[in-house]
Amino acid sequence: MMTDRNHNDIPQRRENPDPHEALHPVPKILLAMIGALLVWAVSYIYTAQPDTEPALGDRRGLDVLAAVPAKAVDGGQLFAANCAACHQANGVGIPQVFPPLAGSEWVTGDERKLIQVLLHGVTGPIEVAGASYNGAMPAFGDKLDDEALAALLTYLRGAWGNAAGPVTADAVEAQRKASAGRSAPWNGGAELAALK
């Protein structure tokens, strides 16, 4: 007689055995390193003398600090931070949107007009390098001091093949005083061109 074995008669392994805990100690080398670090940390806290005067950190006198020359303002960094987004790092601007500074008659021409552009900004139509633009140039007179504006203007007048002379902080100060009553941007190139 043939017996039909039922699939329930065959034992099947359906689950993994339950995990069991074993003795797995932390390696002694790791315990030794942790102990050494703790000893070092406690000894550092006691030897650091955190109750000392903060003024003792820099022991240079005023005579030494006064002898260190002040770092000159970098016009290239000012351009990169304030102007390159619109006029591009190579000074060519964006056609029909932002005018070029490279080869621009406004940059290489009368420095007084260029100073006024940076002091008060420009809105409205302006012609630059034979192309017309109608936008807004922000004012930097309230953001940058005379020395920083002079450094930026000098950079503009000497970069990208421009060969105009440098601008001094005294020239910027004179133009700032000359237009001290002005609170609005210049109204396009026509108003700037009429500036004497």
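In what follows, the accompanying structure is described. Since the structure is predicted, the reported quantities are computational estimates derived from the model, not experimental observations. (Residues numbered from 1 in each chain as written. Predicted model: local features only at pLDDT ≥ 70, side-chain atom pairs only at ≥ 80, totals over all residues. Heavy atoms only, no water.)

### Overview of the layout of surface pockets
Stage number 1. By volume, the largest pocket is sized at about 480 Å³.
Stage number 2. For the largest pocket, the lining is made up of 29 residues, of which H87, P99, L101, V117 and M137 are closest to its centre.
Stage number 3. Secondary-structure elements contributing two or more residues to the lining of the largest pocket are α4 (84-87), α5 (105-108), α6 (111-120), β1 (122-128), β2 (131-137) and α7 (146-158).
Stage number 4. Considering each element in turn, the lining of the largest pocket owes the most residues, five residues, to β2.
Stage number 5. Considered class by class, the residues forming the lining of the largest pocket number 23 nonpolar, six polar and no charged. (1 Å grid on protein atoms, 1.4 Å probe; cavity = no way out; pocket = protein on both sides within 12 Å on 5 of 7 lines; lining within 4 Å. Points joined across faces, edges and corners; volume = space filled by probe spheres on them. Helix = DSSP H or I, 4+ residues; strand = E, 2+ residues; numbered from the N terminus. Nonpolar A, V, L, I, M, F, W, Y, C, P; charged D, E, K, R; others polar.)

### What about the packing of aromatic side chains?
Stage number 1. Using the criterion set out here, one finds four aromatic pairs in the structure.
Stage number 2. Look at F79 and Y155: their rings are 5.7 Å apart centre to centre, the planes differ by 40°, and that puts the pair in the tilted class. Highlighted residues: F79 in helix α3 (residues 75-82) and Y155 in helix α7, separated in sequence by 76 residues.
Stage number 3. Judged by its relative accessible area of 29%, Y155 falls in the partly exposed class.
Stage number 4. Counting every residue linked through ring pairs, the aromatic cluster contains F79, Y155 and W160. (Phe/Tyr/Trp six-rings, centres within 6.5 Å; stacked < 30°, edge-to-face > 60°. Buried < 20%, exposed > 50% of the residue type's maximum accessible area, 1.4 Å probe, protein only.)

### What to know about the packing of α6 against α7
Stage number 1. Close contact between α6 and α7 brings their axes to 11 Å; oriented N to C, the two are set at 125°. Classified by the angle between their axes, α6 and α7 sit oblique to one another. At the point where α6 passes α7, the crossing takes the right-handed sense. In this structure, α6 uses E111, L114, I115, L118 and L119 to contact α7, whose residues at the interface are L149, L152, L153 and R157. (Axes fitted to C-alpha atoms, helices over the stretch in contact; angles between N-to-C directions. Parallel < 35°, antiparallel > 145°, perpendicular 65-115°, else oblique. Left-handed = near helix turned anticlockwise from the far one by under 90°. Contact = heavy atoms within 4.5 Å.)

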